[in-house]
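The lines below spell out each chain.
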Amino acid sequence: MRASVLRLGSLVALTGAAGAHCRCTQTITRDVAIIGGGASGTHAAIWLRDHGHSVVVVEKANQLGGHTAAFKDPATGKDINVGVQTWIEYGNSFDFPARMNVSTSGAMQFTPNTPNFVDMKTGRRVAGYEPPADGAKYPAIQRYIDAISQYEDIMLPGFFNFPDKIPEELVMPFGKFVEKYNLYDAVPQLWDSTVQGVGDPMNVPTFFIIQASAVPMARALVGTAAAAVPASGRLYDLYESIARFLGNDVLYASTVIRSTRTNSGVSLTVSGPRGKQTCIQAKRLLIAIQPTPRNMAPFSLDREERDVLGRFRFPTVYAGIIRHPALPKLNAYSNRSPSPGGLNHTIFPVASQVGHIGYIGGTEDLFQFTAVGTQQETASSMKLHIGKAIDAMIAAGTIERPKLQPGVKPQVTFSAFGDHGHMHAQVSAADLRNGFIKRLYGLQGKRNTWYTGAAFSSGFSTILWEYNKVLLPKVVEGL
């Protein structure tokens, strides 16, 4: 009883501190405050509610889902996934959609596009480029699986069991890892799927490639793990169900502007629509957003937190749907390096670059794109990159110039633009050797603050759901 009284007294003190800083229109008291309503944050909210704990989710967007969004083509009524395209089988993670009454019985739809391999900077086709034949590609991906499976227990679903000394293979540049295991014919498929998001994949430590293209993903590529979607084909069905379940426990269009974190509890000031401020008193804080300097600024990091999280560097990732009068149906354009190393799959385009543009079957003129920028890139600058890439292909004759009225310049139109922002958090090989992963996980629980999300696990929804099952019992211990 005495411990409960002390904890209550501390929370009262925190409430008073918050009141001195802001003029809140409401005060919310919860067991756990969750920052971020993407795959990891929403799963955590459901798990906590199911286990009898009160929650509030602070989400900066007007909807849940993070990198998962949906677009309905107004011309055809077709539902199109934007961003995340599928759920990769891992552990018992498909139990989560089932918990939310969302099926995983659907099948992914593929458009039989003609592949074109282009240097997106010049717009020219890459002469002599040939993708690996299936007979070479799939054995190479299996070799990749065999090579990285030895690290599965220390990397998935998180780094809970990471050794004090990182294995040297995880520190070597991925290009050297490819050479060691003869993975050349696997790399184009890995790059097109997820690895391009790393920014400069052949030169970063292999650890971050495994994070970006984990064992479950590679198994899905060779058909030994399922890639699931709802019966509707629309992944966003899950987040609509979660939103209905959580109801008023989500603060939309809201961000934390101030905080106090102590060993007794957490106090947050949240700015919402029209400047409305909400004070949150919580026993625990769960951060489910990328730990960028900007995102972490309101949380008053101490020296150790700044030193650890400040070592991260982030590429930026973008995905969406475009139309352009020059783009022909049933064609896809993948970015490739024109250098000799590009022909043997040892060199790939680096950020900033437009990775892929491909026609969406069943639509009149819609194309999906992926693009990767540097840490300094913005949505506006990447839109310019995409437009320039298409203009370059027109100028090079790779695609025909459309016949338009005199004086009318063909332009790209963005029907949906997913600014996924800073992703694929990375540090140097020296940091990894100096125990960075152990230091990162040493932040868990400090000042009642816990972390979930891709920087602490892997960027796949299903892996994050399994990661939460390990983390969350630690978060609520003692409540």
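Counting restarts for each chain, with residues numbered from 1 along the sequence as it is written. With pLDDT at 70 or above as the cut-off, local features in this predicted model cover only qualifying residues; side-chain atom pairs require 80 or more to be listed or tallied, and sums for whole chains, interfaces and linings still use all residues. Water and hydrogen atoms play no part in the side-chain values, which are based on all heavy atoms of the structure.

Student: Help me get a handle on the pairing of strand E1 (residues 26-35), residues and values and all.
Tutor: When you tally the buried positions in E1, you get 7 out of 10 residues, the bulk of the element. Only when DSSP finds a minimum of two bridges between them are two strands counted as paired. Only runs of H or I of at least four residues qualify as helices and only runs of E of at least two qualify as strands under DSSP, and these elements are numbered from the N terminus. The pairing of E1 with strand E2 (residues 55-58) spans 4 bridges and is parallel. Opposite Ala33, over in E2, you have Val56 as the bridge partner. Consider the strands pointing away from the viewer: the crossover is right-handed when the path from the first strand over the helix to the second runs clockwise. The β-α-β motif built from E1, the intervening helix H2 (residues 39-50) and the parallel element E2 has right-handed crossover chirality. Under the scheme applied here, a residue whose accessible area is under 20% of the maximum for its type counts as buried, over 50% as exposed, and between as partly exposed, the area being computed with a 1.4 Å probe on protein chains only.

Student: Kindly report on the environment of Thr122, identifying the contributing residues and their values.
Tutor: Within the secondary structure, Thr122 is located in the loop between strand E6 (114-118) and helix H4 (134-149). Using a relative accessible area of 31% as the deciding quantity, one classes Thr122 as partly exposed. A sequence separation of 268 residues divides Thr122 from Ile390, and the C-alpha atoms of the two residues are 9.8 Å apart. Setting aside residues no more than four positions away along its own chain, Thr122 makes contact with Ala392 and Ala396. The contact rule is simple, with two residues in contact once any of their heavy atoms fall within 4.5 Å.

Student: Give a description of the packing of H4 against helix H7 (residues 174-181) that names residues and reports values.
Tutor: For helices, the fitted axis covers only the stretch in contact; all axes are lines through C-alpha atoms, and the angles between them, taken along N-to-C directions, range from 0 to 180 degrees. Here H4 crosses H7 at 110 degrees, and the two axes come no closer than 10 Å. Here H4 lies roughly perpendicular to H7, going by the angle between them. The two elements H4 and H7 cross, and the hand of that crossing is right-handed. Side by side, H4 and H7 meet where Arg143, Tyr144, Ala147 and Ile148 of the first sit next to Phe174, Phe177 and Tyr181 of the second. Gly falls in the polar group here, along with every residue not listed as nonpolar (Ala, Val, Leu, Ile, Met, Phe, Trp, Tyr, Cys, Pro) or charged (Asp, Glu, Lys, Arg). Its residues placed into classes, the contact of H4 with H7 shows 6 nonpolar, no polar and 1 charged. Just so you know how the angles are binned, under 35 degrees is roughly parallel, over 145 roughly antiparallel, 65 to 115 roughly perpendicular, and the rest oblique. If you view the pair so one helix is near and one far, a crossing is left-handed when the near helix is turned anticlockwise from the far one by less than a right angle, and right-handed when it is turned clockwise.

Student: Which residues make up the nonpolar core, and what values do they have?
Tutor: Side-chain atoms within 4.5 Å link the members of a nonpolar core, which is a set of buried Ala, Val, Leu, Ile, Met, Phe, Trp, Tyr and Cys residues. Counting 110 residues, the largest nonpolar core has Ile34, Phe207, Leu268 and Ile280 as the members making the most contacts within it. Per-element tally for this core: the top contributor is helix H18 (residues 461-475), with 7 residues. Beyond its immediate chain neighbours, meaning those up to four positions away, Ile34 contacts Gly41, Ala44, Ala45, Leu48, Val55, Val56, Val57, Val58, Leu286 and Ala288. One finds Val118, Val354, Tyr359 and Ile390 within the second-largest nonpolar core, a separate group that totals 20 residues.

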